[in-house]
Amino acid sequence: MKTLNFLLVFLIIASGVYYFYFKTRQFRTRQVFPIRKQYFASRAGTFLGGLLFFFGINQLLLFQGIATYVVSSLFIVLGAYIIFFNMKAAKHYKQFIDEETTLNEN
């Protein structure tokens, strides 16, 4: 139980770090690369969804009670939806990054 909790806390922290990393990359990308900005935003959203998902699972393991089950299930469902939506968006934007780079070389 302690090792699972430690793993979930590590995944929560790692998701938060990667969220801030990709959000920073999004803000630091120049305005001539809008597709790249959207790609970084969707990657950041994926890790934000992961943070919600792992937080919901962690709360299920730590606390018992009907309110905990309801709130944790909302976090898990919302996190899974955000992960799914943003992974599809990142996959879509990734195919246009090279083309955007070649168009803006001049």
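Our structure is the block above this text.
Residues numbered from 1 in each chain as written. Predicted model: local features only at pLDDT ≥ 70, side-chain atom pairs only at ≥ 80, totals over all residues. Heavy atoms only, no water.

1. Some remarks on the overall build of the protein
Helices and strands together make up the secondary structure of the protein, namely three helices and zero strands. The order of α-helices and β-strands along the protein, N terminus first, is α-α-α. Along the three orthogonal principal directions, the C-alpha set of the protein runs to about 60 × 20 × 20 Å. A buried classification covers 30% of the 106 residues belonging to the protein. Within the protein, contacts between residues separated by at least 24 positions form 70% of all contacts whose residues are at least 6 apart in sequence. Here the protein has roughly 7400 Å² of accessible surface; of this, 69% comes from carbon and sulfur atoms. A distance of 16 Å separates the average location of the 11 positive side-chain charges in the protein from that of its 4 negative side-chain charges. (Helix = DSSP H or I, 4+ residues; strand = E, 2+ residues; numbered from the N terminus. Buried < 20%, exposed > 50% of the residue type's maximum accessible area, 1.4 Å probe, protein only. Contact = heavy atoms within 4.5 Å. Areas by Shrake-Rupley, 256 points an atom, 1.4 Å probe, with all protein chains shown as cover. Lys, Arg positive; Asp, Glu negative; His and termini not counted. Charge placed at Lys NZ, Arg CZ, Asp CG, Glu CD.)

2. So, the environment of P34
Within the secondary structure layout, P34 lies in helix α2 (residues 34-62). When the C-alpha atoms of P34 and E100 are compared, they prove to be 8.7 Å apart, with 66 residues separating the residues in sequence.

3. Focus: the packing of α2 against helix α3 (residues 66-103)
Look at α2 against α3: their axes get within 6 Å of each other, and the N-to-C directions meet at 160°. Here α2 lies roughly antiparallel to α3, going by the angle between them. The hand of the α2/α3 crossing is left-handed. Broken down by class, the residue content of the contact of α2 with α3 amounts to 21 nonpolar, 13 polar and four charged. (Axes fitted to C-alpha atoms, helices over the stretch in contact; angles between N-to-C directions. Parallel < 35°, antiparallel > 145°, perpendicular 65-115°, else oblique. Left-handed = near helix turned anticlockwise from the far one by under 90°. Nonpolar A, V, L, I, M, F, W, Y, C, P; charged D, E, K, R; others polar.)

4. Considering the nonpolar core
Nonpolar side chains in soluble globular proteins tend to end up buried together. Membership of the largest hydrophobic core is limited to seven residues, which are Y19, F22, Y39, F40, A44, A90 and I97. Listed by contribution, the elements that provide at least two residues to this core are α1 (2-28), α2 and α3. Counting residues per element, this core draws most heavily on α2, at three residues. If sequence neighbours within four positions are ignored, A44 has contacts with Y19, F22 and K23. (Core = buried A, V, L, I, M, F, W, Y, C linked by side-chain atoms within 4.5 Å.)

5. Brief notes about α1
Owing to its 3.6 residues per turn, the α-helix aligns residues three or four sequence positions apart on the same side. Over its 27 residues, α1 extends 39 Å from the first C-alpha to the last, a length consistent with the 39 Å expected when each residue adds 1.5 Å. Among all positions of α1, only L8, I12, S15, G16, Y19, F22 and Q26 are buried. Against the buried residues of α1 lie α2. (Expected span 1.5 Å × (residues − 1).)

6. A short note on the packing of α1 against α2
Two elements in contact, α1 and α2, have axes whose closest approach is 8 Å; the angle formed by their N-to-C orientations is 160°. Classified by the angle their axes make, α1 and α2 are roughly antiparallel. Crossing handedness for the pair α1 and α2: left-handed. Classifying every residue of the contact of α1 with α2 gives 20 nonpolar, six polar and four charged.

7. Some details on α3
The terminal C-alpha atoms of α3, which comprises 38 residues, lie 55 Å apart, in line with the 56 Å expected from a rise of 1.5 Å per residue. When α3 is considered as a whole, its buried residues turn out to be T68, S72, I76, G79, I82, N86, A89, A90, I97 and E100. Considering only its buried residues, α3 is in contact with α2.

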